[in-house]
Amino acid sequence: MGLMGRVLGLGGAVRDVSGAVTDVAEVFVGNRGARDAQAHAEFTAVVEQYGTEFGGTGSGWFDGFVNGLNRLPRPLLALSTFALFGFAMASPAAFSVRMESLQLVPEPLWWLLGAVVSFYFGARELHYRRGLAGPSVGTGVAVPAAASGPYTGPAPVPVMIPRAQAGPGPVAVRAADPHFNAAIEEWRGRQT
């Protein structure tokens with residue numbers, strides 16, 4: 001276009017028209033580069049704010065004491081389970097009295113105990129999962145490869161089995177597909 005524009009004398013006019021079109025388009029759509037730079041600046045500011053807010057956690061004796069208390073429930077539960085077996089062998093009569101007393105506890109109280117223990121361990125697991133996962137994909141920051149798991153091979157390819165070959169029973173398990181659910185496939189087979 002450069003040579004033709006110079007020959008015909010249209011080079012300057014084409015540049016003016018394209019500049020005007022670009023200016024009008026930026027009024028309605030905006031400049032993508034400027035939007036991306038603004039989004040990056042906002043993200044950086046948020047990360048810096050969180051860094052200053054949570055970066056200076058104390059490491060005094062009280063923090064060490066609370067961290068120690070937070071680490072106690074798992075070993076206490078495991079050791080107390082072993083202690084129950086030892087107590088049952090050491091004093092069977094006393095153990096049976098205590099087990100009979102446990103049978104008198106109402107069922108809603110057992111559900112409450114199960115919920116408390118489940119939420120404690122679930123929250124703890126979630127806390128450590130969030131710490132290992134790294135930033136989310138939508139933030140524009142690269143996620144480390146270790147967060148996706150140790151498997152680095154190709155993605156599994158689902159193996160489709162025609163219903164005619166599957167036989168009268170449930171559809172054969174597709175070992176390569178991690179999202180395969182035999183119960184759902186059997187249900188789908190009954191629907192047709």
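Predicted, not measured: the structure shown is a model, and the values here were computed from it.

1. A closer look at the overall build of the protein
Part 1 of the argument: Counting secondary structure elements, the protein contains 9 helices and 0 strands.
Part 2 of the argument: Within the protein, buried positions represent 4% of all 192 residues.
Part 3 of the argument: Within the protein, residue pairs in contact and separated by at least 24 positions form 20% of the contacts whose partners lie at least 6 positions apart.
Part 4 of the argument: Within the structure as shown, the protein displays about 16,200 Å² of accessible surface, and the carbon and sulfur contribution to it stands at 67%.

2. Comments concerning the pattern of salt bridges
Part 1 of the argument: Following the criterion strictly, the structure yields 4 salt bridges and no others.
Part 2 of the argument: Across the salt bridge formed by Glu125 and Arg129, the nearest N and O atoms sit 3.0 Å from each other. Of the two residues, Glu125 and Arg129 both sit in helix α7 (residues 107-133), 4 residues apart, roughly one turn of that helix.
Part 3 of the argument: Residue classification places Arg129 among the exposed positions, given a relative accessible area of 57%.

3. Focus on the packing of aromatic side chains
Part 1 of the argument: Counting across every chain of the model gives 3 aromatic pairs.
Part 2 of the argument: With a centroid separation of 5.9 Å and 85 degrees between ring planes, the pair formed by Trp61 and Phe62 is classed as edge-to-face.
Part 3 of the argument: For Trp61, a relative accessible area of 72% puts it in the exposed group.
Part 4 of the argument: Taking 6.1 Å as the distance between ring centres and 70 degrees as the angle between the ring planes, the aromatic pair formed by Phe87 and Phe95 counts as edge-to-face.

4. Description of the confidence of the model for the protein
Low-pLDDT portions of the prediction should not be read for the details of their coordinates.
Part 1 of the argument: For the protein, the average pLDDT comes to 75, and 67% of its residues sit at 70 or higher.
Part 2 of the argument: At the level of individual helices and strands, the protein shows its lowest average pLDDT in helix α8 (residues 163-166), which scores 50, and its highest in helix α6 (residues 92-103), which scores 93.
Part 3 of the argument: Confidence drops under pLDDT 50 across residues 135-148; counting only partners more than four residues distant or on other chains, this segment forms 11 contacts.
Part 4 of the argument: Of the regions scoring below 50 in pLDDT, residues 168-173 engages in 7 contacts with residues more than four places distant in sequence or in other chains.

5. A few points about a nonpolar patch on the surface
Part 1 of the argument: On the surface, Trp61, Phe62, Phe65, Leu69, Leu72 and Leu76 cluster together into a nonpolar patch covering about 690 Å² of accessible area.
Part 2 of the argument: Ranked by the residues each element gives to the nonpolar patch, the list is headed by helix α4 (residues 61-70), at 4 residues.
Part 3 of the argument: Residue position: Trp61 is located in helix α4.

6. Focus on the packing of helix α5 (residues 73-90) against α6
Part 1 of the argument: Following both chains from N to C, one finds α5 and α6 inclined at 125 degrees, their axes separated by 5 Å at the closest point. It follows that α5 is oblique to α6 by the angle criterion. Contacts between α5 and α6 involve Leu84, Phe87, Ala88, Met89 and Ala90 from the former and Pro92, Ala94, Phe95, Arg98 and Met99 from the latter.
Part 2 of the argument: The class makeup of the residues in the contact of α5 with α6 is 9 nonpolar, no polar and 1 charged.

7. Considerations on the side chain of Glu185
Part 1 of the argument: Considering the arrangement of structural elements, one finds Glu185 in helix α9 (residues 182-191).
Part 2 of the argument: Among the polar contacts made by the side chain of Glu185, one reaches the side chain of Arg188 at a distance of 3.0 Å.

About the criteria used
- Residues numbered from 1 in each chain as written.
- Predicted model: local features only at pLDDT ≥ 70, side-chain atom pairs only at ≥ 80, totals over all residues.
- Heavy atoms only, no water.
- Helix = DSSP H or I, 4+ residues; strand = E, 2+ residues; numbered from the N terminus.
- Buried < 20%, exposed > 50% of the residue type's maximum accessible area, 1.4 Å probe, protein only.
- Contact = heavy atoms within 4.5 Å.
- Areas by Shrake-Rupley, 256 points an atom, 1.4 Å probe, with all protein chains shown as cover.
- Salt bridge = Lys/Arg side-chain N within 4 Å of Asp/Glu carboxyl O.
- Phe/Tyr/Trp six-rings, centres within 6.5 Å; stacked < 30°, edge-to-face > 60°.
- pLDDT = per-residue confidence, 0-100.
- Patch = residues over 30% accessible without salt bridge, like charges linked within 9 Å, V, L, I, M, F, W, Y side chains within 5 Å.
- Axes fitted to C-alpha atoms, helices over the stretch in contact; angles between N-to-C directions.
- Parallel < 35°, antiparallel > 145°, perpendicular 65-115°, else oblique.
- Nonpolar A, V, L, I, M, F, W, Y, C, P; charged D, E, K, R; others polar.
- Polar contact = N/O pair within 3.5 Å; in protein donor to acceptor, adjacent residues only side chain to side chain.

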